[in-house]
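Descriptive analysis of the structure
Below, each chain spelled out in residue letters.
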Amino acid sequence: DTNVSPFESVLRNLIENAVKHHDRTDGQIVVSCESHDDYYEFSVQDDGPGIPDEFRDKIFEMFIRIQTENRSSGTGMGLALVKRIVEGYGGWIRAEAASGRGTRFRYTWPKEIPIAEEKNANGLDS
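Report on the accompanying structure. Everything numeric in this text was worked out from a predicted model, so none of it was measured.

1. Remarks on the pairing of strand β2 (residues 39-46)
Relative to β2, strand β1 (residues 29-35) runs antiparallel, the two sharing seven bridges. Opposite valine 31, over in β2, you have valine 44 as the bridge partner. Bridging between β2 and strand β4 (residues 103-110) involves seven bridges; their strand directions are antiparallel. Within β4, the residue paired with serine 43 across the bridge is arginine 106.

2. Considering the packing of aromatic side chains
In the structure shown here, the tally under the stated rule is six aromatic pairs. Aromatic side chains phenylalanine 7 and tryptophan 109 sit 5.5 Å apart centroid to centroid with 65 degrees between the ring planes, which places their arrangement in the edge-to-face category. Of this pair, phenylalanine 7 sits in helix α1 (residues 4-20) while tryptophan 109 sits in strand β4, and the two are 102 residues apart along the sequence. Considered together, phenylalanine 7 and tryptophan 109 belong to a single accessibility category, that of buried residues. Directly above the aromatic system of tryptophan 92 lies the positively charged group of arginine 94, at a separation of 3.8 Å from the ring centroid. Stacked on the ring of tyrosine 40, the Lys or Arg lysine 111 has its end atom at 5.1 Å from the ring centre.

3. Points about the environment of serine 35
Relative to the helices and strands, serine 35 is located in strand β1. Spatially, the C-alpha atoms of serine 35 and lysine 111 are 8.9 Å apart, while their sequence positions differ by 76 residues. Not counting residues up to four positions away in its chain, the partners in contact with serine 35 are Tyr40 and Lys111. A polar contact of 2.6 Å, which involves the side chain of serine 35, links it to the side chain of lysine 111.

4. Concerning the pattern of salt bridges
The tally for this structure, following the rule as stated, stands at nine salt bridges. Linking arginine 24 and aspartate 47 is a salt bridge whose minimum nitrogen-to-oxygen distance equals 3.1 Å. Pair noted here: arginine 24 is in the loop between α1 and β1 and aspartate 47 is in the loop between β2 and α2 (78-88), with a separation of 23 residues, a long-range link.

Reading the values: the criteria
Residues numbered from 1 in each chain as written. Predicted model: local features only at pLDDT ≥ 70, side-chain atom pairs only at ≥ 80, totals over all residues. Heavy atoms only, no water. Pairing = 2+ DSSP bridges. Helix = DSSP H or I, 4+ residues; strand = E, 2+ residues; numbered from the N terminus. Phe/Tyr/Trp six-rings, centres within 6.5 Å; stacked < 30°, edge-to-face > 60°. Buried < 20%, exposed > 50% of the residue type's maximum accessible area, 1.4 Å probe, protein only. Lys NZ or Arg CZ within 6 Å of the ring centre and 35° of its normal. Contact = heavy atoms within 4.5 Å. Polar contact = N/O pair within 3.5 Å; in protein donor to acceptor, adjacent residues only side chain to side chain. Salt bridge = Lys/Arg side-chain N within 4 Å of Asp/Glu carboxyl O.

Below, the structure written as structure tokens:
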């Protein structure tokens, strides 16, 4: 079983970002999951304007925002927190160019989380 709150925060943030930064009203977002031995690999892909290559690594840094045509508001903290949560549970996250147009975020999530790791990932123990 997985802790719903951090997992939900990650997925919700990625979907909300895809919606917020899309440049069309008829855009599409696809969420998928593959099962591996000890973890799941999730993908959140959109067909929006995409993230330029030179910014793909920087978007996971705190307070980094990329100016887009729709000039949506935000603090630049969302993806940094997503990365912190995912890595806190022993996973990884990447932003990639989607085939054709858009961005695909891929990340892993463990199938089982030991209680001690769950407390550490949530900042309950140091």
